[in-house]
Amino acid sequence: MNSVPEPPRRILVVGGGVAGFSAVNELRTRGYEGALTVLSPEGLPYDRPPLSKGYLLGTEDADKIRLAPEAWYAERGVEVLPERAVALRPAEGGVELDGGRLLAADRVLLAVGGAPRSLRIPGGEAALTLRSRADSDALRQVLVPGARVAIVGAGLIGAEVASAAVGLGAEVALIDPVELPLAPAVGEAIARRLHAMHGERGVRTVVSLPVEIAAGNANDGAAHLVRLADGSSVVADAVVAGIGIVPETGLAAAAGIAVDDGVIVDPSGATSNPAVFAAGDASRLRVADGTLLRRAEHWEAAVRSGQAAAAGLLGEPAPAFGAPWLWSDRHGVHVEAVGTLDPRQAPGSRTVLRAVGGVPQAAFLLAADGHLLGCAAVDLPLMVRAARRMIDRGLTPDPDALADPAVDPRKLAR
Ligand SMILES: Cc1cc2nc3c(=O)[nH]c(=O)nc-3n(C[C@H](O)[C@H](O)[C@H](O)COP(=O)(O)OP(=O)(O)OC[C@H]3O[C@@H](n4cnc5c(N)ncnc54)[C@H](O)[C@@H]3O)c2cc1C
């Protein structure tokens, strides 16, 4: 006779980011009635994307960016403790907190996110980074009118900070060794349009690699001098690095759980230890054929993996999720991308553009057999929604209709 696994009586979620929050929400939605505790050293869970957008600009406050009000947790019987886990002790049936107390749990979800990657160059520790609300508060202090700000990394976060910084009146130099940042994520045409916006809005883009952050000199009256590989330098009152994150794998690795640039999980969030699951930016998915996927560092991926881990924690099948999606807001435009836009990942693929007056509004990547692989668009969320449906259903849209601005996106997915 098959034995039915006992449902967990006490689940502990380590980390109150959007992955942990989504798991908690999903656990209660699925009818889990056991004890549920979230360790969240930063207090009530809040959302990170506004930290480089509205919160940084001062148009949204700490209350606005909370994932749920305090009452939400009380109504669902969810305990939120502002404490940090220092060790997983699965053999002892719990997790050790900072201070030595052992918190009992028969299942643990690691949703611990990651830390900003630091600039590994001489003086690199002088660069500010952005991950937490406190980081955003600190950044806001230096983004004042006339401040000279050097931002290293022109990816999603660096570009958003550059946009906010010029909006706040700072003089911004955006430094990246790559000519066309974001091209793998949104395709070349949209990346070119987005990158050109920096210049139009007064951000100076610099294509080079920083090699040192030295002290500024008295003539410039600036705190820093960012020396670049091409021999030039940028004078700055503040330096910000936006060069990705390092996943938090320390707790898992110390407990002997398999990690490889992320805590390795299956599609239901299970790690190599049956009592421990993982989700969000800290995790890395191994799919059924054994392939380890690249780690996602995007909001929706964190939500979905939290939901999948909730199913896994309860021993239920994980929901199937479709193509990955991301968004970014900068210089007053809203960008979304779904699926893949990187032709290197699909030999024989081709890109189709939808442009108005020569300005690309949307880019589509079509596989060699014609089915849609990805779409990125500027201020066209309906188009991305339609593309998402087409990708998830494996449709082969008419390339002429994709390219024609007169064709309503909603008609494309029918
Ligand atoms: C400034 C910014 C802007 C972004 N903008 C976008 C965007 O526009 N679009 C998009 O798709 N994505 C965006 N992202 C990415 C997205 O926010 C992340 O992918 C998402 O927040 C990851 O959620 P998470 O829960 O996995 O990790 P996190 O949000 O990092 O949460 C992890 C939590 O775990 C806690 N923790 C860590 N260690 C411990 C421990 N030992 N004990 C207890 N708790 C611990 C941390 O304090 C943290 O609160 C942005 C991210 C940032 C930082």
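Residues numbered from 1 in each chain as written. Predicted model: local features only at pLDDT ≥ 70, side-chain atom pairs only at ≥ 80, totals over all residues. Heavy atoms only, no water.

1. Some words on the site of the ligand
Thought 1: Taken together, 32 residues are adjacent to the ligand, and Glu 42, Arg 48, Lys 53, Arg 131 and Asp 281 come closest.
Thought 2: With respect to the ligand, the side chain of Arg 48 contributes an N or O atom lying 2.5 Å from an oxygen atom.
Thought 3: Out of a free accessible area of 1,000 Å², the ligand has 94% covered by protein chains.
Thought 4: Within the residue set of the shell around the ligand, elements represented by two or more residues are helix H1 (18–29), helix H5 (156–167) and helix H9 (299–313).
Thought 5: Grouping the amino acids of the shell around the ligand by side-chain chemistry returns 16 nonpolar, seven polar and nine charged.
Thought 6: The residues that make up the shell around the ligand include at least three from each of domain 1 (10–115 + 245–313) and domain 2 (124–241). (Near = heavy atom within 4 Å. Polar contact = N/O pair within 3.5 Å; in protein donor to acceptor, adjacent residues only side chain to side chain. Areas by Shrake-Rupley, 256 points an atom, 1.4 Å probe, with all protein chains shown as cover. Helix = DSSP H or I, 4+ residues; strand = E, 2+ residues; numbered from the N terminus. Nonpolar A, V, L, I, M, F, W, Y, C, P; charged D, E, K, R; others polar. Domains from an automatic or database assignment.)

2. Some thoughts on the sheet that holds strand S5 (residues 94–97)
Thought 1: Across the sheet, which stays open at both edges, the three strands sit in the order S4-S5-S6 with antiparallel pairing between neighbours. Both outer strands of the open sheet, strand S4 (85–89) and strand S6 (102–104), are each paired with one neighbouring strand and no more. Across this sheet, the average inter-strand angle for adjacent strands is 30°, counted without regard to direction.
Thought 2: Bridging between S4 and S5 involves four bridges; their strand directions are antiparallel. By the bridge assignment for S5, Ala 87 is matched with Glu 96. (Pairing = 2+ DSSP bridges. Axes fitted to C-alpha atoms, helices over the stretch in contact; angles between N-to-C directions.)

3. Some details on the packing of aromatic side chains
Thought 1: Across all of its chains, the model carries five aromatic pairs by this definition.
Thought 2: Taking the centre distance of 5.8 Å and the plane angle of 85° together, the rings of Trp 299 and Trp 327 count as edge-to-face. Residue Trp 299 is located in helix H9, and its partner Trp 327 is located in strand S20 (residues 325–330); the two are separated by 28 residues in the primary sequence.
Thought 3: When its relative accessible area of 21% is taken as the criterion, Trp 327 is described as partly exposed.
Thought 4: Judged by centre distance (5.6 Å) and plane angle (25°), the rings of Trp 325 and Trp 327 are stacked.
Thought 5: One aromatic cluster is present, built from ring pairs that chain together Phe 21, Trp 72 and Tyr 73.
Thought 6: Across from the ring centre of Tyr 46, 4.5 Å away, lies the NZ or CZ of Arg 133, which sits over that ring. (Phe/Tyr/Trp six-rings, centres within 6.5 Å; stacked < 30°, edge-to-face > 60°. Buried < 20%, exposed > 50% of the residue type's maximum accessible area, 1.4 Å probe, protein only. Lys NZ or Arg CZ within 6 Å of the ring centre and 35° of its normal.)

4. What about H5?
One full turn of an α-helix is made of 3.6 residues, so residues set three or four places apart face in the same direction.
Thought 1: Over its 12 residues, H5 extends 17 Å from the first C-alpha to the last, a length consistent with the 16 Å expected when each residue adds 1.5 Å.
Thought 2: Judged by how many residues are buried, H5 sits mostly within the fold: nine of 12 residues are covered.
Thought 3: For H5, the set of buried residues is Gly 158, Ala 159, Glu 160, Val 161, Ala 162, Ser 163, Ala 164, Ala 165 and Val 166.
Thought 4: Elements in contact with the buried residues of H5: helix H2 (54–57), helix H4 (133–142), strand S9 (148–152), strand S10 (171–176), helix H7 (188–200) and S20. (Expected span 1.5 Å × (residues − 1). Contact = heavy atoms within 4.5 Å.)

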